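Spelled out from the first residue to the last, the chains are:
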Amino acid sequence: MGRALFRNAMVLDGTGAPPFPGDVLVEGDRIAKIGPAAKLAPTSGADIIDCAGATLMPGLVEPHTHLSFLDAATPHAFSAMPPEEHLLHTLKHAKLYLDHGFTACFSAAATKPRLDVVVRNAIEAGDFPGPRLLAASVQLTVTGGVGDLREPHLDPGDAMYTRPCDGPIEFRKAAREACRDGVDILKIVPSGDTSTPAVPSGRTLMAEDEIAAVCDVARQHDRRVAAHARSAEAVKQCLRHGVEVIYHASYADDEARDMLEAQKERIFVAPALGVTYTRLHEFTNYGMPLSEQSRARIARDLDATVDCMRDLKRRGVRVLPGGDYGFLWNPHGRNARDLQYFVELLGFTPMEAIVAATKWGGEIMGLPGELGQLREGFLADLLLVDGDPLAEIGILQNRDRLISIMKGGVFHKPAPASRRHAGAQD
Ligand SMILES: [Zn+2]
């Protein structure tokens with residue numbers, strides 16, 4: 001069994017408690033012991049890491065991941081890429097997330113039916129580096145909905161980035177096939193979006209019996225449902241039928257917010273601020289055109305989302321940072337920017353943003369008593385950070401400031417040799 005002793009760390013344990021000087025002993029894939037600094041005796045064979053006051057914290061969790069997005073300008077690229085290359089890119093992104101300190105990812109849709117499943121299995125088998133991954137289906141949308149890129153004069157056969165379904169029977173069949181393929185998460189798109197002027201964010205696109213059908217299949221197969229729901233009605237429909245993860249929730253009205261609050265022990269909200277914020281403020285830096293009309297529409301969506309999230313925070317709903325990275329203007333790897341948006345736009349303290357990205361991250365991963373906190377018995381997903389993220393939340397965006405990264409007791413990034421000592425033998 002592998003053992004590692006982190007000595008003289010500033011332990012930021014993800015519970016919300018203030019950091020304290022401490023030692024953390026890892027045995028196998030778990031945290032075995034946490035004690036006062038320089039007081040834990042090195043166990044036989046343990047590698048000793050001299051933290052010298054660096055921050056030791058739980059690995060970050062990304063609650064709205066699209067590992068098969070391609071940092072592309074438009075989603076057409078997701079359908080156009082053949083599956084062989086697409087798998088390689090998805091594996092490359094999985095490693096990139098771990099390189100940036102994201103030790104767990106909740107997928108918010110794959111762009112081909114089995115991409116997430118295959119990558120999850122390869123990571124679990126230890127064949128490729130990557131975060132813990134909950135694999136999702138492709139987005140189940142409706143004809144003409146977000147992600148339906150088919151054009152009537154072209155063969156629609158391979159437009160696999162989403163799966164357009166119409167009526168509860170088609171949704172049920174698509175959901176069953178995804179369960180058969182081995183997904184953990186069924187992803188539905190019941191509302192419009194900022195990116196699709198023809199079906200704007202405030203519009204509700206799925207019928208309630210279609211949402212009910214997917215939720216019913218999820219219950220039968222013990223899977224979970226996540227929804228892209230920007231309109232108030234979409235949020236309400238999702239909550240009436242047991243959807244557990246609500247993305248965006250931009251235009252949730254008072255009734256929808258009351259429903260979210262009433263179900264706050266069960267549900268999670270992730271607004272995915274980054275994709276909208278960068279679309280508004282950084283899109284043109286990438287040579288992408290943005291009309292005044294589009295700018296106004298995007299600003300409206302962002303303002304509405306910020307207003308709703310501030311209210312949901314007050315109501316005690318778990319609102320998680322992260323989401324929708326993998327576009328040209330919002331590329332993979334920058335995901336920790338979302339913690340900064342939470343501080344600057346939503347009024348989270350840095351501590352609250354970190355708890356949302358770690359403790360609540362463990363909860364959305366379905367491992368509430370095991371992941372996302374530094375506590376004895378918890379899984380050893382750890383980051384050793386050069387500096388104090390409570391004083392400077394932005395340092396989490398800089399992979400060079402991550403001195404060491406551990407997932408499940410195994411170093412993905414070992415500390416430099418100058419900080420490591422071979423374990424004592426007895
Ligand atoms: Zn998304």
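Before reading on, note that the structure itself is shown above.
What counts and what doesn't
Residues numbered from 1 in each chain as written. Predicted model: local features only at pLDDT ≥ 70, side-chain atom pairs only at ≥ 80, totals over all residues. Heavy atoms only, no water. Helix = DSSP H or I, 4+ residues; strand = E, 2+ residues; numbered from the N terminus. Polar contact = N/O pair within 3.5 Å; in protein donor to acceptor, adjacent residues only side chain to side chain. Buried < 20%, exposed > 50% of the residue type's maximum accessible area, 1.4 Å probe, protein only. Pairing = 2+ DSSP bridges. Right-handed = clockwise from strand over helix to strand, strands pointing away. Axes fitted to C-alpha atoms, helices over the stretch in contact; angles between N-to-C directions. Contact = heavy atoms within 4.5 Å. Expected span 1.5 Å × (residues − 1).

**A few points about the environment of glutamate 177**
Along the chain, glutamate 177 turns up in helix H4 (residues 167–181). In this structure the side chain of glutamate 177 is engaged in a polar contact, spanning 2.7 Å, whose partner is the side chain of arginine 163.

**Quick word on the pairing of strand S11 (residues 185–188)**
Alternating residues of S11 divide into Ile185 and Lys187 and Leu186 and Ile188, and every residue in both groups is buried. Sheet topology note: the S11/strand S12 (residues 224–229) ladder contains 4 bridges and is parallel. Bridge pairing in S12 places leucine 186 opposite valine 225. After leaving S11, the chain enters helix H5 (residues 208–221) and then returns to the sheet as S12, a path that is right-handed.

**Focus: the sheet that holds strand S7 (residues 102–107)**
Adjacent strands of a sheet pair through backbone hydrogen bonds, lying either parallel or antiparallel. In spatial order, the strands read S6-S7-S8; together these 3 strands make up an open sheet with parallel pairing. Here the strands that pair on one side only, and so sit at the sheet edges, are strand S6 (60–65) and strand S8 (132–134). Neighbouring strand axes in the sheet, compared pairwise and without regard to direction, differ in orientation by 15° on average. Note that S7 and S8 share 3 bridges and pair parallel. Paired with cysteine 105 across the bridge in S8 is leucine 133. Each of S6 and S7 touches helix H2 (residues 83–99); the most contacted strand, S7, lies at about 130° to it.

**Some details on helix H10 (residues 337–346)**
Because each turn of an α-helix spans 3.6 residues, side chains separated by three or four positions end up pointing in the same direction. All of the buried residues in H10 are Arg337, Asp338, Leu339, Tyr341, Phe342 and Leu346. Taken together, the buried residues of H10 touch helix H8 (273–281), helix H9 (292–314) and helix H11 (350–364). Of the residues one or two after H10, glycine 347 is the one with positive phi, at around 80°.

**With respect to H5**
Between its terminal C-alpha atoms H5 stretches 20 Å, which fits the 20 Å expected from 14 residues at 1.5 Å a residue. Residues of H5 that are buried include every one of Glu210, Ile211, Ala213, Val214, Cys215, Val217 and Ala218, and no others. Contact partners of the buried residues in H5: strand S9 (139–141), H4, S11, S12 and helix H6 (232–241). Of the residues trailing H5, aspartate 222 is marked for its positive phi of about 55°.

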